[in-house]
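# Observations on the model geometry
Each chain is listed here by its residues.
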Amino acid sequence: MRFSNLEAEIKRADLSVDDVAKALDYDRATLYNRLNGKTKWTLCDMLKVQEYLNERTGQHLALDYLFKMEL
């Protein structure tokens, strides 16, 4: 499972996964594992990512859009 929309929005914001991990005080491997579906997201973590991306982009990206899982 992947979170392609989330990855795309990170790229559109001209951010790297490392940038997002650092801003959210995550270990790089933790964020990669979540993006690849190896570990599950908590609602709290999803909200942190959403808030960060919304602040960086000035958009209002919905959780169901950002965290839509693709097989």
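Rules of the game
Residues numbered from 1 in each chain as written. Predicted model: local features only at pLDDT ≥ 70, side-chain atom pairs only at ≥ 80, totals over all residues. Heavy atoms only, no water. Helix = DSSP H or I, 4+ residues; strand = E, 2+ residues; numbered from the N terminus. Buried < 20%, exposed > 50% of the residue type's maximum accessible area, 1.4 Å probe, protein only. pLDDT = per-residue confidence, 0-100.

For the protein chain, the helix and strand inventory stands at five helices and zero strands. The order of α-helices and β-strands along the protein chain, N terminus first, is α-α-α-α-α. By its C-alpha atoms, the protein chain is 30 × 25 × 20 Å across when sized along the principal axes. For the protein chain, the residues scored as buried account for 38% of the 71 residues in total.

In this model, the protein chain carries a mean pLDDT of 92, and residues with pLDDT of at least 70 account for 99%. Across the protein chain, the secondary-structure element scoring lowest on mean pLDDT is helix α3 (residues 28–35), at 92, and the one scoring highest is helix α5 (residues 63–66), at 96.

As a further point, take unusual backbone geometry. The phi angle at D14 is positive, at roughly 60 degrees, despite the residue not being glycine. The phi torsion at D25 lies on the positive side, around 60 degrees, for a residue other than glycine. Judged by its relative accessible area of 72%, D25 falls in the exposed class.

Note on placement: S4 falls in helix α1 (residues 4–12). Assessed through its relative accessible area of 26%, S4 is described here as partly exposed. Distance from S4 to L66, taken between C-alpha atoms, is 8.1 Å for residues 62 residues apart in sequence.

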